[in-house]
Structure formats: structure tokens, C-alpha cells
Amino acid sequence: MPDSVYERGFNSFSVPDTATIIEQSVCKLRNAIMQGELRPGQKLIEAELCRTLDISRASLREALRILETEKLIAIIPNRGPSVAKLGYNDVEAIHEVWALLTGEAVADYTRVAKDRDIVELQKALDALKASIASNRPLNQLAATNAFFMSVMLKCGNSILIETVISLVSRVNFLRAQALLHQGWGVVYASEIEDILGAIRAGNPDTARRATRKHIASACAAAKQLALAPDLSSVPKNKDSAPFGRGQPAKRASTAKNPAEAPGKPRPASTEKTVKEHPRTSRNQL
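Residues numbered from 1 in each chain as written. Predicted model: local features only at pLDDT ≥ 70, side-chain atom pairs only at ≥ 80, totals over all residues. Heavy atoms only, no water.

**Brief notes about the nonpolar core**
- By size, the foremost hydrophobic cluster in this structure holds 70 residues, and its most contacted members are Leu29, Leu60, Phe147, Ile195 and Ile199.
- Setting aside its immediate chain neighbours within four residues, Phe147 contacts Leu121, Ala124, Ile192, Ile195 and Leu196. (Core = buried A, V, L, I, M, F, W, Y, C linked by side-chain atoms within 4.5 Å. Buried < 20%, exposed > 50% of the residue type's maximum accessible area, 1.4 Å probe, protein only. Contact = heavy atoms within 4.5 Å.)

Below, the structure is given as C-alpha cells:
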């Protein structure tokens, strides 16, 4: 199973102290993609990346191959590497399958969750709220990943975990970009709180519906971003800088209402974004 940001939860975007040169480069490139410093479809010039990351071309190519397994980089023969780009239909299809599988996983988790398990979920929710208050979108995404990975690992279905990780890796850039807009993080936190409330109440059906609603919300934001011909207007994380340069990045919009931020996707009605599926046994998937 690839070591993806979804799988590593709270450590999604940190560079481990014991990381090798290649692992450090993978983390730096991944973060640059998540923060929008490297844009979907952007061609990557190996010579420039080698200078920026201070690594050899052989090490860079190994780092790019790792990111290719996460679906963040596309390597096309005779054309070189570029940042992966998803179309509108791809985004919709990924979220639909993600909602189906994760909804069932959360419902199953609700039936077996212990008090100590719910404490772990509450910890992730608290971290999400704290990162919203400090306006750190990548930390918001890491906390959300930690919440759902706690659920996935408790389910004990390795095939389901691997499938969901593969799906989410492909839309992590769009998720991160949506969270750069003030207002979206608050929406996500409210939805995660609804999921946790249903789990705590021991109601699998309500937990499933709340999970699908949350993923539908993520899909609505991701589709609007995927339609944008140029993401240069998308605000960046306040702590980020253009990749390979020392200039400070633009701050996210300070508009209180997400709909007021120029060039940003508005939280839309999500009732029809992801189709509601009847309960499906994993054996039927």
C-alpha cells in the first residue's frame, strides 16, 4: 500500500526527522502540490527541481515515482513529469465511490466502536477545529484524514482501506485548495461533528448518511475547482511561499462569508452531488 497523506493522518504533511533525502523531497513536493505552489497540469522541469531541492536527478526521479503512485504526478513517456490533473467527471466518479465505501465503513465502525475509539475521533475533531481557528488548511486536511483513518483501521478490511486511500490521494489537492478558502473548513468541521454525533449515539444509518453528506460537500467544492481554467486566483496557505522562491505567498481571502471571496467556490447544495446508494455488502463490491 502506498504511503499516502490520507494513511498517515496527523503526520500527513510533516517531514519526519529520520527522513532520507528522497523522503524529504517527496514531502516538499507533495506539500507544494497541496498548497497550490505547483498547479494541476504544470510541467515539472527536472533541472529546476534538482536545484530547488538540492538533490541529484536520480533521487528526484525516485521521488517523482513515489508521487506517481499517489496519483499526484503524471509521468508521460517522451514528455516528462507534470502535476496530475483531474477532469470534472473524474472528480464526480471518485467522490461517488468514496462516499459509498466510506459510508459503509463508518456504519460498520459505529456498530463496534468503544469509548476509547470515540475519544480518538474527538481528538481529531478538536485538532480540526484548532487548525480552522489558526487558518492552517493543511492541518485541517491532516486532522480530517486522521478522523477517517481511525475509522478505517478499526474496520479491519485491508482491501477497503487500500481502495479508499487510492481514491482520496487523487483528490487531495482539490480538498486542500477548497480548505484554503475561509468558510469551507467551518462547513467540514460541522459535518464531521455530525458524523461523530451519530457514532456516539450508536446509529449506523445516521452515521452513513452524515458521511455521505460530508463527502458530497467535498465533491461540490472539488468540482468547482476542477472546472476553473486557471487556479492562480486560488488563495494559498498563509505559511506557504512559491515553490523554489523566497517570496511570501498571498493570504487567503478574509471575507467572512465564503460566497464573498472572489474566485472561490461557494458551498453548494449537496443533496444531489453524490447519489444515495442502498446499503451494499462489501462482498458485493
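Having seen it, we continue.
**Section: the side chain of Ser131**
- With respect to the helices, strands and loops of the structure, Ser131 is situated in helix α5 (residues 115–133).
- Residue contacts for Ser131: discarding those within four places in its chain leaves Arg136, Asn139 and Gln140. (Helix = DSSP H or I, 4+ residues; strand = E, 2+ residues; numbered from the N terminus.)

**Description of helix α2 (residues 46–53)**
- Residues of α2 that are buried: Glu46, Leu49, Cys50 and Leu53. Relative to the axis of α2, the buried residues are bounded by an arc of 105° and lie together on one face.
- Those residues of α2 that are buried are in contact with α1 (21–34), α3 (57–69) and β2 (80–83).
- Taken from the residues just after α2, Asp54 is the one with a positive phi, measuring 60°. (Arc of directions from axis to C-beta.)

**Some details on the packing of aromatic side chains**
- Counted by the stated rule, this structure contains 2 aromatic pairs.
- Consider the rings of Phe147 and Phe148, whose centres lie 5.3 Å apart with planes at 75°: the pair is edge-to-face. The two residues Phe147 and Phe148 agree in class, both being buried. (Phe/Tyr/Trp six-rings, centres within 6.5 Å; stacked < 30°, edge-to-face > 60°.)

**Concerning the pattern of salt bridges**
- All chains considered together, the criterion is met by 11 salt bridges.
- The shortest N-O distance in the salt bridge between Arg30 and Glu70 comes to 2.7 Å. On the criterion of sequence distance, the pair formed by Arg30 in helix α1 and Glu70 in the loop between α3 and β1 (73–76) is long-range, its members being 40 residues apart.
- Taking the shortest distance from any N to any O, the salt bridge between Arg111 and Asp108 comes out at 2.7 Å. (Salt bridge = Lys/Arg side-chain N within 4 Å of Asp/Glu carboxyl O.)

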